[in-house]
Amino acid sequence: MRSKRVSTRTVAIDFCPERNPFMPSSKGYAALNAQSPLAPFSFTRREPGPTDITVDILYCGVCHSDLHQSRNEWGFSSFPMVPGHEIVGRVTATGSSVTRFKPGQIAAVGVVIDSCRHCDPCKKGQENFCVEGMVEAYNTPDRFDGSITRGGYSSNYVVDERYAHTVPENLSLPGVAPLLCAGITTYSPLRHWGAGPGKKVGIVGLGGLGHMALKFAHSFGAHVVQFTTSFKKKEDALRLGADEVVLSTDADAMKAQSKSFDFILDTAAAPHSLDTYLALLKLDATMTLVGLPDKPPSISVFNLITRRASIAGSMIGGVTETQEMLDYCGQHNITSDVEVIPIQKVNEAFERMLRQDVKYRFVIDMSSLK
Ligand code: NAP
Ligand code: ZN
Ligand code: ZN
């Protein structure tokens, strides 16, 4: 929990000599435990196999999930933890069976970096819902050697090409990195629940996920209402594509939106009242949660039965849809609004994220590691 953070001391871990000369050495920043700030950390990655690509990381986005997990807010963190699952980099080596990437090419890596590959969701390209559980970019046992995966706040990455993505050449790379989580996590539910012309769509929270949801919902042709607790973001929300902006603490403004929404996507990172938003759904409408506050919500069932409403959840997206989203962004020139930071400022970025002071995604320039 945030209040348990006691130390601001940075801890450097000495580099351990490699046991296997084919395992790439990597340096990055890690949380050594749930209370410490991130600190410099050196480690080795698994030996690349025939279907693997090795990537020199150029940029990595800072997702609120990185903060939740670095502080063990969800209760299943392994330490030391190198966070980061919004990765863009340059391919430096390819295994003998790799067909889609060549050295020198840009590649992107998101949350899903492996899965069982044979269950129904995996066969349908929905590896994010793998029945055996997806392997995530960090904080998950690797299927190859059982080691805990380490993420993109680091100099390089090794990944099976099946789980890597190509990047449209017209997009700026810092703005692409957040698409790998914030982008796909909002694109997928907006597509699934049919956000588009004739639909009134609400977005709760204008942060990393929220600003991408706003851009996509606007691009898909929906009438978009942005809900925010930070009314100083109003002008930004309008610029990013909102048709209306509503301060969620303004009871009259919220009441004026009653029973009018086809779909609401909730991206808020902190505990808040879901009933406030369920009351805005119209008959047969859905509110989908993607935000993952550290405490479970409670709801009044009356808000569901009185409009036959559904409450749902969604988690990132599969490999196929992630590539579809990146290609869509290339065609429509969509990227994230970013503040590029050196890795030495990552702890400050976490604190600013908690103060809702990010416009609208921090992205680490990994050249700052050198
Ligand atoms: P973020 O950049 O910190 O944005 C979160 C936003 O939530 C804030 O900017 C703020 O927007 C809003 N907010 C904060 N406190 C609030 C409150 N008390 N009531 C209402 N709104 C509040 O975080 P993010 O990276 O977008 O991530 C958002 C959440 O999604 C996190 O919990 C993250 O772990 C989760 N996530 C889920 C998935 C998934 O697959 N489901 C993937 C990635 C992330 P305003 O200032 O506009 O109010
Ligand atoms: Zn994320
Ligand atoms: Zn599977």
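The rules behind these values
- Residues numbered from 1 in each chain as written.
- Chains lettered and ligands numbered in written order.
- Predicted model: local features only at pLDDT ≥ 70, side-chain atom pairs only at ≥ 80, totals over all residues.
- Heavy atoms only, no water.
- Helix = DSSP H or I, 4+ residues; strand = E, 2+ residues; numbered from the N terminus.
- Rg over C-alpha atoms; globule rule 2.2 N^0.38 Å.
- Buried < 20%, exposed > 50% of the residue type's maximum accessible area, 1.4 Å probe, protein only.
- Contact = heavy atoms within 4.5 Å.
- Areas by Shrake-Rupley, 256 points an atom, 1.4 Å probe, with all protein chains shown as cover.
- Lys, Arg positive; Asp, Glu negative; His and termini not counted.
- Charge placed at Lys NZ, Arg CZ, Asp CG, Glu CD.
- Donors = N, O, S within 2.8 Å, 3.2 Å for Na, K, Ca; no water.
- Tetrahedral: all angles 85-135°; square planar, octahedral: opposite > 155°, others 65-115°.
- pLDDT = per-residue confidence, 0-100.
- Axes fitted to C-alpha atoms, helices over the stretch in contact; angles between N-to-C directions.
- Parallel < 35°, antiparallel > 145°, perpendicular 65-115°, else oblique.
- Nonpolar A, V, L, I, M, F, W, Y, C, P; charged D, E, K, R; others polar.
- Near = heavy atom within 4 Å.
- Polar contact = N/O pair within 3.5 Å; in protein donor to acceptor, adjacent residues only side chain to side chain.
- Domains from an automatic or database assignment.

1. Here we look at the overall build of the chain
When its secondary structure is counted, the chain shows 11 helices and 17 strands. For 370 residues, the compact-globule estimate of 2.2 N^0.38 gives 21 Å, and the C-alpha radius of gyration of the chain, at 20 Å, lies within 12% of that figure. With respect to the three principal axes, the spread of C-alpha positions in the chain is 65 × 45 × 35 Å. Buried residues in the chain amount to 56% of all 370 residues. Contacts in the chain between residues at least 24 apart in sequence constitute 68% of all its contacts with a sequence separation of at least 6. Put simply, the chain shows about 15600 Å² of open surface, and 53% of that area lies on carbon and sulfur atoms. Counting 38 positive and 38 negative side-chain charges, the chain places the averaged centre of each group 3 Å from the other.

2. Some thoughts on the coordination of the zinc ion (ligand 2)
Ideal values differ by geometry: the angle at a metal is 109.5 degrees with four tetrahedral donors, but 90 or 180 degrees with six octahedral donors. Protein ligation of the zinc ion (ligand 2) involves Cys63 (SG), His85 (NE2) and Cys181 (SG), the donor distances falling in the range 2.0 to 2.2 Å. Sequence positions of the donors to the zinc ion (ligand 2) reduce to the motif C-x21-H-x95-C. A residue pair is termed long-range when its members are at least 10 positions apart, and Cys63 in the loop between strand 3 (52-61) and helix 1 (64-70) and His85 in the loop between helix 1 and strand 4 (87-94) qualify at 22 residues. Overall, the relative accessible area of 3% leaves Cys63 in the buried class.

3. With respect to the coordination of the zinc ion (ligand 3)
Coordination of the zinc ion (ligand 3) by the protein involves Cys116 (SG), Cys119 (SG), Cys122 (SG) and Cys130 (SG), with metal-donor separations of 2.3 to 2.4 Å. Given four donor atoms and angles of 104 to 119 degrees at the metal, the environment of the zinc ion (ligand 3) is assigned as tetrahedral. We note that the donor set of the zinc ion (ligand 3) lies within a single chain, spaced as C-x2-C-x2-C-x7-C. Of this pair, Cys119 sits in the loop between strand 6 (112-114) and helix 2 (120-123) while Cys130 sits in the loop between helix 2 and strand 7 (135-136), and the two are 11 residues apart along the sequence.

4. A few points about the confidence of the model for the chain
Per-residue confidence for the chain averages 94 on the pLDDT scale, and 95% of its residues sit at or above 70. Counting interchain partners and residues more than four positions distant, the pLDDT-below-50 stretch residues 1-18 has 38 contacts.

5. Description of the packing of helix 4 (residues 182-192) against helix 10 (residues 319-332)
Packing of helix 4 against helix 10 brings their axes to within 10 Å, and their N-to-C directions diverge by 100 degrees. Between helix 4 and helix 10, the angle falls in the class roughly perpendicular. Along the contact surface, helix 4 presents Gly183, Ile184, Tyr187, Ser188 and Arg191, while helix 10 presents Glu321, Thr322, Glu324, Met325 and Tyr328. Class assignment of the residues belonging to the contact of helix 4 with helix 10 gives a composition of four nonpolar, three polar and three charged.

6. A word on the site of ligand 1
Neighbouring ligand 1 are 31 residues; Thr228, Thr229, Ser230, Lys233 and Arg361 lie closest to it. Backbone polar atom of Ala269 to an oxygen atom of ligand 1: 3.4 Å apart, as the coordinates give it. Contacts to ligand 1 include Arg361, whose side-chain N or O atom sits 2.6 Å from an oxygen atom. For the shell around ligand 1, the secondary structure elements donating two or more residues are helix 1 and helix 5 (208-219). The biggest single contributor to the shell around ligand 1 is helix 1, with three residues. Class assignment for the residues of the shell around ligand 1 results in 14 nonpolar, 15 polar and two charged. If you count residues domain by domain, the shell around ligand 1 takes at least three from each of domain 1 (17-180 + 336-369) and domain 2 (182-313).

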